[in-house]
Amino acid sequence: MADDDLPDSLEPAHGIPPRPEPPAPPRPKGDLRVVSVIALVTGVVVIAWYLFLVTVSAIAELEGLMWIQIGMWVLAAVSAVCGVLSLNARMARELAAAGFIAGVAAGLLSISVGVATAAEFFG
């Protein structure tokens, strides 16, 4: 076979249909960044609240904070649930780990400090 029989590689291809585009890749499984961010933000809010509560209650008498305490328990529960859900993340694992740690810390603080302050509020 001579080189003259081969097509010229510099000429545009005529009469050749374009290749079909491959389908778009599916959305990756395990993308739980939103859940991790929710766990992180709510965990930070709960931790900041309990730090505030512990430092200020040593200085002054706090009254009327029962509804805030109940709201913190709800936020701690949301943070703990989202933190546990973050364990299933396959992407953004550092963010998922931070969300899990914040969720667990918020849950533990809510149990330890929250129960003691609840005794003062409801007692």
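A quick note: this is a predicted structure, and the numbers were derived from the prediction, not measured. (Residues numbered from 1 in each chain as written. Predicted model: local features only at pLDDT ≥ 70, side-chain atom pairs only at ≥ 80, totals over all residues. Heavy atoms only, no water.)

S.K.: Quick one: what's the story with the overall build of the protein chain, residue by residue and with numbers?
M.R.: If you tally the helices and strands in the protein chain, you get 3 helices and 0 strands. Taken from N to C terminus, the helices and strands of the protein chain fall in the order α-α-α. Within the span of the protein chain, comprising 123 residues, buried residues form 24% of the whole. Within the protein chain, contacts between residues separated by at least 24 positions form 78% of all contacts whose residues are at least 6 apart in sequence. Roughly 8900 Å² of accessible area belongs to the protein chain as shown, and the carbon and sulfur atoms make up 69% of that amount. (Helix = DSSP H or I, 4+ residues; strand = E, 2+ residues; numbered from the N terminus. Buried < 20%, exposed > 50% of the residue type's maximum accessible area, 1.4 Å probe, protein only. Contact = heavy atoms within 4.5 Å. Areas by Shrake-Rupley, 256 points an atom, 1.4 Å probe, with all protein chains shown as cover.)

S.K.: Help me get a handle on the side chain of Ser79, residues and values and all.
M.R.: Secondary-structure assignment places Ser79 in helix 2 (residues 66-85). When residues no more than four places from it in sequence are discounted, the contact partners of Ser79 are Ala39, Thr42, Gly43, Ala102, Gly103 and Ala106.

S.K.: Give a description of a nonpolar patch on the surface that names residues and reports values.
M.R.: A contiguous nonpolar patch, built from Val34, Ile38, Val74 and Val78 and spanning about 330 Å² of accessible area, is present on the exposed surface. Elements that contribute at least two residues to the nonpolar patch include exactly helix 1 (33-57) and helix 2. (Patch = residues over 30% accessible without salt bridge, like charges linked within 9 Å, V, L, I, M, F, W, Y side chains within 5 Å. Salt bridge = Lys/Arg side-chain N within 4 Å of Asp/Glu carboxyl O.)

S.K.: If you had to explain the packing of aromatic side chains to someone new, which residues and values would you point to?
M.R.: Applying the stated criterion across every chain yields a total of 1 aromatic pair. With a centroid separation of 5.7 Å and 40° between ring planes, the pair formed by Trp49 and Phe52 is classed as tilted. One end of the pair is Trp49 and the other is Phe52, both in helix 1 and 3 residues apart, which spans about a single turn. On the accessibility criterion, Phe52 (39% relative accessible area) is partly exposed. (Phe/Tyr/Trp six-rings, centres within 6.5 Å; stacked < 30°, edge-to-face > 60°.)

S.K.: So what's going on with helix 2? Residues and values would help.
M.R.: Relative to the 28 Å expected for 20 residues at 1.5 Å per residue, helix 2 spans 29 Å between its end C-alpha atoms, a close match to the ideal helical length. Residues of helix 2 that are buried include every one of Gln69, Met72, Ala76, Ser79, Cys82 and Gly83, and no others. On an axial view of helix 2, the arc spanned by its buried residues comes to 145°, and they lie on one face. Every exposed residue of helix 2 that faces more than 90 degrees away from the buried side is listed here: Trp67, Val74 and Val81. (Expected span 1.5 Å × (residues − 1). Arc of directions from axis to C-beta.)

S.K.: Any chance you could break down the nonpolar core for me, citing the residues and the numbers?
M.R.: Of all hydrophobic cores here, the largest spans 9 residues; its members are Val46, Trp49, Tyr50, Leu53, Leu65, Met72, Ala76, Ala106 and Val113. Those elements that provide at least two residues to this core are helix 1, helix 2 and helix 3 (93-122). Residue contributions to this core peak at 4 residues, all from helix 1. (Core = buried A, V, L, I, M, F, W, Y, C linked by side-chain atoms within 4.5 Å.)

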